[in-house]
Amino acid sequence: KAGVTQTPRYLIKTRGQQVTLSCSPISGHRSVSWYQQTPGQGLQFLFEYFSETQRNKGNFPGRFSGRQFSNSRSEMNVSTLELGDSALYLCASSFRQGPDTQYFGPGTRLTVL
Amino acid sequence: AQKITQTQPGMFVQEKEAVTLDCTYDTSDQSYGLFWYKQPSSGEMIFLIYQGSYDEQNATEGRYSLNFQKARKSANLVISASQLGDSAMYFCAMSWNDMRFGAGTRLTVKP
C-alpha cells in the first residue's frame, strides 16, 4: 500500500505571497491532519479533516486554511506569507478521526524570503 | 490541557546497548493514546509504537517497547540492541482530540 504523499517537497516563496500544499493519504484513510514543525516551536497541530469536514483546529491565525476532497486528498493554504511561516509542513493520515495511529508523509519544506 | 514532556534533549548510546527515552504526560482524561515516532534527518516521521490508556500490557514492536506507568503518567520508550540507523529525533505524542507532541530527544548511537 502506498504511503502518504505530499507535494511539492520543497517550496520557496516571498513575503506576502500565498502557497498551497497538497497531501494524498494512504488508501482507505479518511482522516488527514496537518502539522507545522519549526526549530523554535517544535511540532504544532494545524487542523484535522475527516469526511471533507474540519473536525479540529489548532491555534493558528486565519491565514492558515485547508480543505479535504471527496477522495480524502487534502490541501492546505497559507495566505499573505510571513518569514515566520518558514517550516516543515507535515501531513498525516489515519483511518479514524481522533485518537488513531497517524502515518506521516515526507513533508513540504517551505522557505519564505 | 494535554501536555507532553520529554526532558532529555539529547542522548548518546553505544551500539548494541539498550537505551530508554523518557516521556511524561499530563491529562485528566481516562481515554487516550500514546505514541512514539522517529524522525531521521530526512524529515519523515516514522511510527514506532502505540499504547492505549486502557491497555494493561506494555506494547512491544520488535526492538521497541513502551514502559507504560499510568499512575506516574509516564510512557518511556526502550530501544534494545541499538543500531547506528537508530540515530534520529524521537518524539513522544499523545492523542486525544488531536495529536500533541513533546519537544523530542535526539538520540546518537556511537559505533
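The model shown is predicted, which means the values in this text are computed figures rather than measured ones.

### Here's the deal with the overall build of chain A
Link 1 in the chain: When you go through chain A residue by residue, the secondary structure sums to zero helices and 11 strands.
Link 2 in the chain: Secondary structure elements of chain A occur, N-terminal to C-terminal, as β-β-β-β-β-β-β-β-β-β-β.
Link 3 in the chain: Here chain A has a C-alpha radius of gyration of 13 Å; the compact-globule value for 113 residues is 13 Å, and the two agree.
Link 4 in the chain: Classification of the 113 residues of chain A by burial places 51% in the buried group.
Link 5 in the chain: Here chain A displays about 5,300 Å² of accessible surface, and carbon together with sulfur accounts for 47% of that area.

### Observations regarding the packing of aromatic side chains
Link 1 in the chain: All chains considered together, the criterion is met by 15 aromatic pairs over all chains.
Link 2 in the chain: When the centroid spacing of 5.8 Å and the interplanar angle of 65 degrees are considered together, the rings of Tyr-35 of chain A and Phe-45 of chain A count as edge-to-face. With a gap of 10 residues between them, Tyr-35 of chain A in strand 4 (residues 31–38) and Phe-45 of chain A in strand 5 (residues 42–50) connect regions that are remote in the sequence. Across the pair, Phe-45 of chain A and Tyr-35 of chain A agree in class, each one buried.
Link 3 in the chain: With a centroid separation of 5.2 Å and an interplanar angle of 80 degrees, the aromatic rings of Phe-104 of chain A and Tyr-37 of chain B are classed as edge-to-face.

### Observations concerning the state of the cysteines
Link 1 in the chain: Taken as a whole, this structure holds two disulfides over all chains when the rule is applied.
Link 2 in the chain: Between Cys-23 of chain A and Cys-91 of chain A runs a disulfide, and the two sulfur atoms are separated by 1.7 Å. Between Cys-23 of chain A and Cys-91 of chain A, the S-S torsion sits near -50 degrees, and that sign places the bridge as left-handed. Of the two residues, Cys-23 of chain A sits in strand 3 (residues 19–24) while Cys-91 of chain A sits in strand 9 (residues 87–94), which places them 68 residues apart along the sequence.
Link 3 in the chain: On the basis of relative accessible area, Cys-91 of chain A is assigned to the buried category, the value being 0%.
Link 4 in the chain: Note that Cys-23 of chain B is cross-linked by a disulfide to Cys-92 of chain B, the S-S spacing being 2.0 Å.

Rules used in this analysis
- Residues numbered from 1 in each chain as written.
- Chains lettered and ligands numbered in written order.
- Predicted model: local features only at pLDDT ≥ 70, side-chain atom pairs only at ≥ 80, totals over all residues.
- Heavy atoms only, no water.
- Helix = DSSP H or I, 4+ residues; strand = E, 2+ residues; numbered from the N terminus.
- Rg over C-alpha atoms; globule rule 2.2 N^0.38 Å.
- Buried < 20%, exposed > 50% of the residue type's maximum accessible area, 1.4 Å probe, protein only.
- Areas by Shrake-Rupley, 256 points an atom, 1.4 Å probe, with all protein chains shown as cover.
- Phe/Tyr/Trp six-rings, centres within 6.5 Å; stacked < 30°, edge-to-face > 60°.
- Disulfide = S-S within 2.5 Å.

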